[in-house]
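Topology and contacts: notes
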Amino acid sequence: MELVFQISDSPVGAPVFQKVEGVLIRIGRAFDNDLILNDATISPHHAEISVDEDGKIWLLDLDSLNGSWVDRTQSNKQKIELHSGSKLSLGKTILHVYTPEHPVESAVKITPVSFVTNWIENPLLMVSSIVLVAILYGVEQWLNMFQEFKWQEIINVELIIFGSALSMGIFWAIVGRIFKHESNFKNQMKIIFVFIVAQFFITKFVDIILFNSLNYTFAMVLMMAVEFVLIALLLWLNLLLSTNQTQEQRLRTAVVVSAALVVLSIYSDMINESEFSDSPEYVKLLHPPALRISDGVEEQQFVTEISVVFDKLEIE
Amino acid sequence: MMGVLVLINPVYAQDASSLFNNFSDRIYQIRIIEQASGKQAAIGSGFQISQDGMVVTNYHVVSEYTRYPGRYRIEYAAHNGVTGELQLIDIDVINDLSLLKKDDFQGNNLELADGLPLQGEAIYSLGNPHDLGLTVVPGTYNGIAKYSLYKRIHFSGSINPGMSGGPVLNVHGEVIGVNVSTAGNQISFLVPLNKLSELIKRPRSGPIVLEEIELIIANQLANNQQRVISDLLDSEWLTSDFKGANIPNEIAEYIRCWGSSENDPDVAYENFMSICSQDEYIFLDSEFTTGNIVYQFNWIESDELNVFQFYNLYQAQIENVYPDNYAGKDHVTNFECHENFYNKHSISGELITSKGTFCARKYKKYPGLYDVLYIGASLHNNQHGLVSHFTLAGVSMDMALKFTRKFLANVTWN
């Protein structure tokens, strides 16, 4: 008899696969067992697995202190049949038993996703993205200062940005720990910093388009679309690192969850917007002449075209 | 002993006390009673103006009744404690007057004066401040208030809440005006005699039809704005230099302009402001006012800030724009806006491009009337710019468009 044990509830690291051979496989904490499990809740001689003439595999509890379960049935002084893939609970340890013939999933092709994850491994990325975030937000804050230059204001903004990045990183590291038993904290932080840099440039670019668009509705739709893509991408990468990247189904779940989150936020925005407001909605942006694309119309033409506002009010 | 006391009393106190004694039976407290609870929801003052029981008060005293006629009734309480029901006969929302009628044709009435007193003459305001009982407030007639669009009388004396709608009498006990508002510190305003006599003489076939009241108000508002705005359109506008531009100044005798500038030494820019306004609004109800005319200019300049800093500062000037009148979702729609860049040439031939935003919202109960606002910002320079802004409350589309055309034409560049 040859069996593969997947020890998935070990307190450290990823699941371990161990192959054991023998007519009788003894499991326990003592060193004369065939499968030795280092768990204080497991008895020295906890259980044994045997095979009968028909090739059926059986588990017998050896009167252990905390008992043995197969799936949800307790082996109480009697044998319980095992199948390939059965779940064993011994003390606090969870094991899965497989026969060597148990099918495995076919290999996953290396996709652009793998390039992303490989790129994230680059150690220079962390330093460069942190420096870039610090510079970009420092400069932006400086450009918003119309009074005496104050270092404190720049430091405040940096603290807020880095503080929120850190809390996001910690959140995803915890998620990773739950799903994959590895926190990947450094890689999560890299993704978040790269995302912050990307978002900075994209929003500045979108800002200039909005300034030139002269249409509030278009501006809102464009901004929401950009936000949708950015947030979905970030969530997808976070989930990719936090859960098992080799399973395509999880990738799909990641995309669906992120899309749902973004749609939900847009929906709640829309609900709030339908209320009465004293304040008119228009593109509240002004940029230097060099960033203006449209030439504009003559003043007389402008005064003529504003009457469309009254047509819009009549349609409502 | 009594004789000595009388001799040393000032003359006006004598007049005030005799006026009070002679005419207190013609002055009432006006109460708006909530039908369900029978409790008063609003109070004001009023006075009888004819033998057949016609009573005058302010429109704003009875506005809740006109808004929800089924929910309220109007009552008077006489000096001697007698109460009775009043019927709404007519209103004038522009001059804040309303005409009521006593069901029982009893009581004496006050007479209208033939004309207004001379400046400095003693006049007496009567009413029921804060529900404290009938009170007489002596003060001085100071002519028609200087910047008053609706020709309100400037009364140097204290009018307090609850006195609204009460009469103001000359030394002969004749009505010269109606209490309407106060600016505090003994500065109060009265609706003048002629507006009152116009309302009383207005031909009418019977009491106001409550179902038509919105239409009546709409017509009064429309006629008034038509008159006020077309006067503005017909007149030559006074303009003045404002840094690099030339802007409208006091464009009518009732419009007042104020200037200010930010001169904090810590600030790396200068902000010059000119704000002009007409200060009398038309009261429609406690959450809805109209009739405002306000325009404002800000010139922002800096030689210390770089171009991005300057435009961040400049953008902040257009981010928070609100209309100058009060209105809620029962009264108006949300704003709709149109935006575009537009060009004009300065006197020296330079092309000035501005971003203009024109917004309007519709009055839900008064068809054909809108609140409009405009916000513009010049975008041709990296170190200075002009923000122009105006609000017109309760105007027709035609008047709004013509005013905007004239306003923009009167902003020129040197």
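Residues numbered from 1 in each chain as written. Chains lettered and ligands numbered in written order. Predicted model: local features only at pLDDT ≥ 70, side-chain atom pairs only at ≥ 80, totals over all residues. Heavy atoms only, no water.

1. A short note on the sheet that holds strand β15 (residues 256-262) of chain B
Strand order in this open sheet of eight strands is β12(A)-β20(B)-β21(B)-β22(B)-β23(B)-β19(B)-β16(B)-β15(B), and the pairing throughout is mixed. Whereas interior strands pair on both sides, the edge strands pair on one side only; in this sheet they are β12 (297-298) of chain A together with β15 of chain B. Bridge count between strand β22 (residues 370-378) of chain B and strand β23 (residues 384-395) of chain B: seven bridges; the pairing is antiparallel. Counterpart to valine 372 of chain B in the pairing with β23 of chain B is leucine 392 of chain B. Packed onto the sheet, helix α7 (residues 397-409) of chain B meets β19 (293-301), β20 (336-345), β21 (351-362), β22 and β23 of chain B and runs at close to 160° relative to β23 of chain B. (Pairing = 2+ DSSP bridges. Helix = DSSP H or I, 4+ residues; strand = E, 2+ residues; numbered from the N terminus. Contact = heavy atoms within 4.5 Å. Axes fitted to C-alpha atoms, helices over the stretch in contact; angles between N-to-C directions.)

2. Points about the pattern of salt bridges
Residues and elements named next belong to chain B. For the structure on display, the rule yields 20 salt bridges over all chains. Ionic pairing is found between arginine 67 and aspartate 330, a salt bridge with its closest N-O pair at 3.7 Å. A residue pair is termed long-range when its members are at least 10 positions apart, and arginine 67 in helix α3 (residues 59-67) and aspartate 330 in the loop between α6 (307-316) and β20 qualify at 263 residues. Notably, a salt bridge pairs arginine 73 with glutamate 75, separated by 3.1 Å at the nearest N-O pair. For glutamate 75, a relative accessible area of 13% translates into the label buried. Salt bridges sharing common partners tie together Glu64, Arg67, Asp285, Glu287 and Asp330. (Salt bridge = Lys/Arg side-chain N within 4 Å of Asp/Glu carboxyl O. Buried < 20%, exposed > 50% of the residue type's maximum accessible area, 1.4 Å probe, protein only.)

3. Remarks on α6 of chain B
For an α-helix, the turn length of 3.6 residues means that residues three or four places apart are oriented alike. Those residues of α6 of chain B not exposed but buried are Gln309, Phe310, Tyr311, Leu313, Tyr314 and Gln315 of chain B. On its buried face, α6 of chain B sits against α2 (123-143) of chain A together with β19, β22 and β23 of chain B. Where α6 of chain B begins, the capping side chain belongs to asparagine 306 of chain B, and its oxygen is found 3.0 Å from the backbone nitrogen of phenylalanine 308 of chain B. (Polar contact = N/O pair within 3.5 Å; in protein donor to acceptor, adjacent residues only side chain to side chain.)

4. Section: the state of the cysteines
Residue and element names in this part refer to chain B. One pass over the full model with this rule turns up two disulfides over all chains. At a sulfur-sulfur separation of 2.1 Å, the disulfide partner of cysteine 337 is cysteine 359. Residues cysteine 337 and cysteine 359 are joined by a disulfide whose S-S torsion is about 105°; by sign, that bridge is right-handed. Note that cysteine 337 is positioned in strand β20 and cysteine 359 in strand β21, a separation of 22 residues in sequence. Here cysteine 359 falls in the buried class, since its relative accessible area comes to 0%. Cysteine pairing in chain B follows 1-2, 3-4, where each cysteine in a disulfide is numbered by its order in the sequence. (Disulfide = S-S within 2.5 Å.)

Remember that the coordinates give geometry; whether it matters functionally is a separate question.
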